[in-house]
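Residue-level structure breakdown
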Amino acid sequence: MTDEQLQKGEALRQKAGFGNVEFKKGYIEELPFKSENFDAVISNGVINLSAEKEKVFKEIGRVLKKGGKMAISDIVTEIQLTDSIIQNANLWAACIGGAMQQDLYKNAINDASMKVMKLIENSQYGFLTDSAKSASKKYGVKSISLLAQKG
Ligand SMILES: C[S@@+](CC[C@H](N)C(=O)[O-])C[C@H]1O[C@@H](n2cnc3c(N)ncnc32)[C@H](O)[C@@H]1O
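Under an unreviewed UniProt entry, the chain has the name Arsenite methyltransferase. The record in UniProt for the chain states the following under Sequence similarities (unreviewed entry): "Belongs to the methyltransferase superfamily. Arsenite methyltransferase family."

1. A short note on a nonpolar patch on the surface
On the surface, a cluster of nonpolar side chains totalling about 260 Å² of accessible area is made up of Phe18, Val21 and Phe23. Position of Val21 among the secondary structure elements: in the loop between helix H1 (3-16) and strand S1 (38-44). In this structure Val21 comes out as partly exposed when scored by relative accessible area, which is 31%.

2. What to know about the UniProt feature "domain: Methyltransferase" (unreviewed entry) in the chain
Per the UniProt record, "domain: Methyltransferase" (unreviewed entry) is annotated on residues 1-111. The straight-line gap between the two end C-alpha atoms of residues 1-111 is 26 Å; of that span, 39% is helix and 21% is strand.

3. Some details on the pattern of salt bridges
Within this structure, the stated rule accounts for 9 salt bridges. With a closest N to O distance of 2.9 Å, Glu10 and Arg13 form a salt bridge. Taken together, the positions of Glu10 and Arg13, both in helix H1 and 3 residues apart, correspond to about one turn of that helix. Glu10 gets classed as partly exposed once you look at its relative accessible area, which sits at 26%. Glu52 is paired through a salt bridge with Lys55; the nearest N and O atoms lie 4.0 Å apart. Residue Glu52 is classed as partly exposed on the basis of its relative accessible area, which comes to 38%. In this structure Lys55 comes out as partly exposed when scored by relative accessible area, which is 39%.

4. Here we look at the domain arrangement of the chain
When cut into domains, the chain gives domain 1 (1-30) and domain 2 (36-150). On a C-alpha basis, the centroid separation for the pair domain 1 and domain 2 is 23 Å.

Conventions and cut-offs
- Residues numbered from 1 in each chain as written.
- Predicted model: local features only at pLDDT ≥ 70, side-chain atom pairs only at ≥ 80, totals over all residues.
- Heavy atoms only, no water.
- UniProt positions renumbered as here; feature names shortened; annotations may be inferred.
- Patch = residues over 30% accessible without salt bridge, like charges linked within 9 Å, V, L, I, M, F, W, Y side chains within 5 Å.
- Areas by Shrake-Rupley, 256 points an atom, 1.4 Å probe, with all protein chains shown as cover.
- Salt bridge = Lys/Arg side-chain N within 4 Å of Asp/Glu carboxyl O.
- Helix = DSSP H or I, 4+ residues; strand = E, 2+ residues; numbered from the N terminus.
- Buried < 20%, exposed > 50% of the residue type's maximum accessible area, 1.4 Å probe, protein only.
- Domains from an automatic or database assignment.

Here is the structure:
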C-alpha cells in the first residue's frame, strides 16, 4: 500500500527471481484492475482494517471472473462491537476495532455477487495486548479463514 512496502516487495521479488509476480499500488476499496480479470483473490489480515468493507467485497466481486474464488483470512466478531471500541484507534490498529460482526460480514460477501462456501475459525490465533485480549473475550473477536465463489 505504501511506497516503502512496494519497494521492499519488489526487492524481495527480484532477489527470489519470481518472474511471474507483479506489485501494483492501490487501495482495496478501489482496486486498480479491470472487471472480471482474476481467477482468485487472496488476502490475509487486511479487510478488517477498512472502514468500507461492503465496498471492498463489491470490488473483489467486480474483479473476479465468473466462478472465481476469494480465499481470505480476517478478524471478525461474534457480538457487534460498541462505538467506544470502534472509535479506539489503538484497538483498530490491533485489528480489533475494525472487526465486523460475522453475520454482517458474510452478508456483505453474499451481497457482492459471491457465495460463502466455507468458513473455519483459526483457534490457534491469539491477541497480544491486554486490551485486545479483553475485547476478544468479551465480544468473541476471532480469526477466520473463508472461501467464497463468484456466481
Ligand atoms: C496486518 S497487515 C497484513 C499484511 C499481510 N497481508 C500479511 O499477512 O502479513 C495489514 C496490511 O494491510 C494494508 N492495508 C490497510 N488498509 C489498506 C487499504 N485500505 N488498502 C490496501 N491495503 C491496506 C497495510 O498496509 C498492511 O500492510
